[in-house]
Amino acid sequence: MKIAVLPGDGIGPEIVAQAVKVLKALDLDLELNEAPIGGAGYEAAGDPLPAETLKLAKEADAVLLGAVGDWKYDSLPRDQRPERGLLRIRKELNLFANLRPALLYPELASASTLKPEVVAGLDIMIVRELTGDIYFGQPRGISTLENGEREGINTMRYNESEIRRIAHVAFSIAMKRNKKVCSVDKANVLETTELWRQVMIEVAKEYPEVELSHMYVDNAAMQLIRAPKQFDVMVTGNIFGDILSDEASMLTGSIGMLPSASLDQNNKGMYEPSHGSAPDIAGKDIANPLATILSAAMLLRYTFNDEANASRVENAVKKALEQGYRTADIWTEGTNKVKCSEMGDAVVAAL
Ligand SMILES: NC(=O)c1ccc[n+]([C@@H]2O[C@H](COP(=O)([O-])OP(=O)(O)OC[C@H]3O[C@@H](n4cnc5c(N)ncnc54)[C@H](O)[C@@H]3O)[C@@H](O)[C@H]2O)c1
Ligand SMILES: CC(C)[C@H](C(=O)O)[C@@H](O)C(=O)O
Ligand SMILES: [Mg+2]
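Residues numbered from 1 in each chain as written. Chains lettered and ligands numbered in written order. Predicted model: local features only at pLDDT ≥ 70, side-chain atom pairs only at ≥ 80, totals over all residues.

The line we're drawing: UniProt positions are given in the numbering used here, feature names are shortened, and annotations may be inferred rather than shown by experiment.
The protein goes by 3-isopropylmalate dehydrogenase in an unreviewed UniProt entry, where it is assigned to Methylobacillus rhizosphaerae. Under the UniProt heading Sequence similarities (unreviewed entry), the entry covering the protein gives this text: "Belongs to the isocitrate and isopropylmalate dehydrogenases family. LeuB type 1 subfamily." The UniProt entry for the protein carries the following text under Subunit (unreviewed entry): "Homodimer."

Here it is, written out as structure tokens:
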């Protein structure tokens, strides 16, 4: 198994080290190759996605990524900023399907800011389209108008085939779950998402067993907090999925619990936590590494088809939580507050 390991910035190196520790403890035939991305790529090669890093990622079966970004790069030209490196690698590898499972481990019911009964038993799969939408649409930029005023522009854009392929991913996943897909759009206002809705309805005909519903994104944001367990699979575009997945992470106790898989048509994938580089807590060994460890489990499941080891890692996470280990973000009275590296050790010990 050839894995490109891209720790990135901020807490990236700390959390990726824990996931690597867990993967190594599994006794698999692993070839791990590390390379810089994001701010680390800019420092090393003047490019947030250095050519060497991209080559390594393309040659690997899968990519394990930490996070990118730091405030100190915010004044760089946009193409040199860390986030652009992440967007480019997603596009270059054609990782159009971003799976973000929001699953509540029962031990963390009281770590959520919502009432335990609202979140108990939560198990939502957010399917976010990842290589289209306003993130990539042209034209974009900031220009100066004739009257001297500046104008910022981004273009929300989806073509039919992009919507169709993410719809198939969502419906196929729903077939293995509770057979419910909620498509989230803003079809009452935006033509892009009016087309999104039309294509969802067309594709749904190929999956007669799956119940398709539609929800406007503003209502979806509210429903996720009001009654999150009504959802099974949620499918949505890039920007709405970015926002709703951060929101959903809090249902699981912390943003530090939400893993992700970004897949191409052949399940080659990049695996990363849904959260960012958390510059506010970087370098202190206090970040929650579980989202990254759970992303490594997704790597085993989706790219290597190794359900046994994927479940082994997930069960070890569950056991570590049952044993009372908690990083600061999920700590509650009566549990054992541990550092990031100690949480990694606890998961390894529970394998
Ligand atoms: N996929 C990615 O690489 C990714 C995702 C989101 C944001 N970013 C970037 O990260 C930087 C910081 O962005 P932000 O502050 O808006 O979002 P963030 O997700 O980095 O942090 C938001 C808050 O959540 C906390 N947090 C995040 N991950 C945590 C973890 N594992 N354990 C404990 N607490 C955690 C942080 O301390 C912070 O208070 C920016 O440069 C942004 O562009 C990168
Ligand atoms: C850092 C940023 C480019 C990224 C995104 O918006 O996709 C992040 O927020 C995420 O959710 O992975
Ligand atoms: Mg995000």
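**Examining the nonpolar core**
Quick reminder of the rule: Throughout this description, the term nonpolar core refers to a group of buried Ala, Val, Leu, Ile, Met, Phe, Trp, Tyr and Cys residues whose C-beta atoms join them within 7 Å. Working definition of burial: number of other C-beta atoms within 10 Å of the residue's own, with buried at 20 or more, exposed at 12 or fewer, and partly exposed in between, all C-beta atoms being placed from the backbone. Each helix corresponds to a stretch of at least 4 residues labelled H or I by DSSP, and each strand to a stretch of at least 2 residues labelled E; elements are numbered beginning at the N terminus. Note that the domain bounds were set by an automatic or database domain assignment. It is the C-beta atoms, placed from the backbone, that decide contacts: two residues are in contact if theirs lie within 7 Å.
One finds Val63, Leu64, Val127, Met234, Tyr271, Ile293 and Ala296 to be the most contacted residues of the largest nonpolar core, which totals 104 residues. Looking at this core element by element, the count peaks at 10 residues for helix α10 (residues 290-302). Residue contributions to this core reach at least three from each of two domains, namely domain 1 (1-98 + 262-351) and domain 2 (112-252). For valine 127, the residues in contact, after removing those within four places along its chain, are Ala97, Leu99, Ile166, Val169, Ala170, Ile173, Val233, Met234 and Val235.

**Remarks on the UniProt feature "binding site: Mg(2+)" (unreviewed entry) in the protein**
The UniProt entry lists Asp218, Asp242 and Asp246 under the feature "binding site: Mg(2+)" (unreviewed entry), expressed in the numbering used here. Spatial clustering of the annotated residues is evident: they stretch over 29 residues in sequence, but the largest pairwise C-alpha distance comes to 14.5 Å. Within the fold, aspartate 218 resides in helix α8 (residues 217-226). Among the structural elements, aspartate 242 can be located in helix α9 (residues 238-249). By C-beta crowding, aspartate 242 is classed as partly exposed, having 18 other C-beta atoms within 10 Å.

**Re the site of ligand 1**
Selection rule: Proximity of a residue to a molecule or strand is defined by its backbone-placed C-beta atom lying within 6 Å of that partner. Residues are grouped as follows: Ala, Val, Leu, Ile, Met, Phe, Trp, Tyr, Cys and Pro are nonpolar; Asp, Glu, Lys and Arg are charged; all remaining types, including Gly, are polar.
Neighbouring ligand 1 are 22 residues; Gly69, Gly256, His275, Gly276 and Asn288 lie closest to it. When its residues are assigned to classes, the shell around ligand 1 shows 11 nonpolar, six polar and five charged.

**Looking at the pairing of strand β7 (residues 150-153)**
Put simply, the rule is: Strand pairing is assigned whenever DSSP identifies at least 2 bridges connecting the two strands.
Summarising the sheet, strand β6 (residues 141-144) and β7 pair through four bridges and their orientation is antiparallel. In the sheet register, serine 143 faces β7, and the bridge partner there is glutamate 151. Between β6 and β7, which pair antiparallel and follow one another directly, the connecting turn spans five residues, one of which, glycine 148, has a positive phi of 90°.

**Observations concerning the UniProt feature "binding site: substrate" (unreviewed entry) in the protein**
Using the residue numbers shown here, the UniProt feature "binding site: substrate" (unreviewed entry) corresponds to Arg90, Arg100, Arg128 and Asp218. Across 129 residues, the annotated set is spatially dispersed, with a maximum C-alpha separation of 26.6 Å. One can find arginine 100 in strand β4 (residues 97-103). Apart from residues lying up to four places away in sequence, arginine 100 is in contact with Ile126, Arg128, Ser245, Leu258, Ser260 and Ser274. Secondary-structure assignment places arginine 128 in strand β5 (residues 123-129). Setting aside chain neighbours within four positions, we find arginine 128 in contact with Asn98, Arg100, Thr236, Asn238, Gly241, Asp242 and Ser245.

**Some points on the pairing of β5**
Of all seven residues that make up β5, six are buried, and the element is covered over most of its length. Note: β4 against β5, seven bridges, orientation antiparallel. By the bridge assignment, arginine 100 is partnered in β5 with isoleucine 126. Relative to strand β10 (residues 233-236), β5 is paired through four bridges, and the arrangement is parallel. The residue bridging isoleucine 126 from the neighbouring strand is methionine 234, located in β10.

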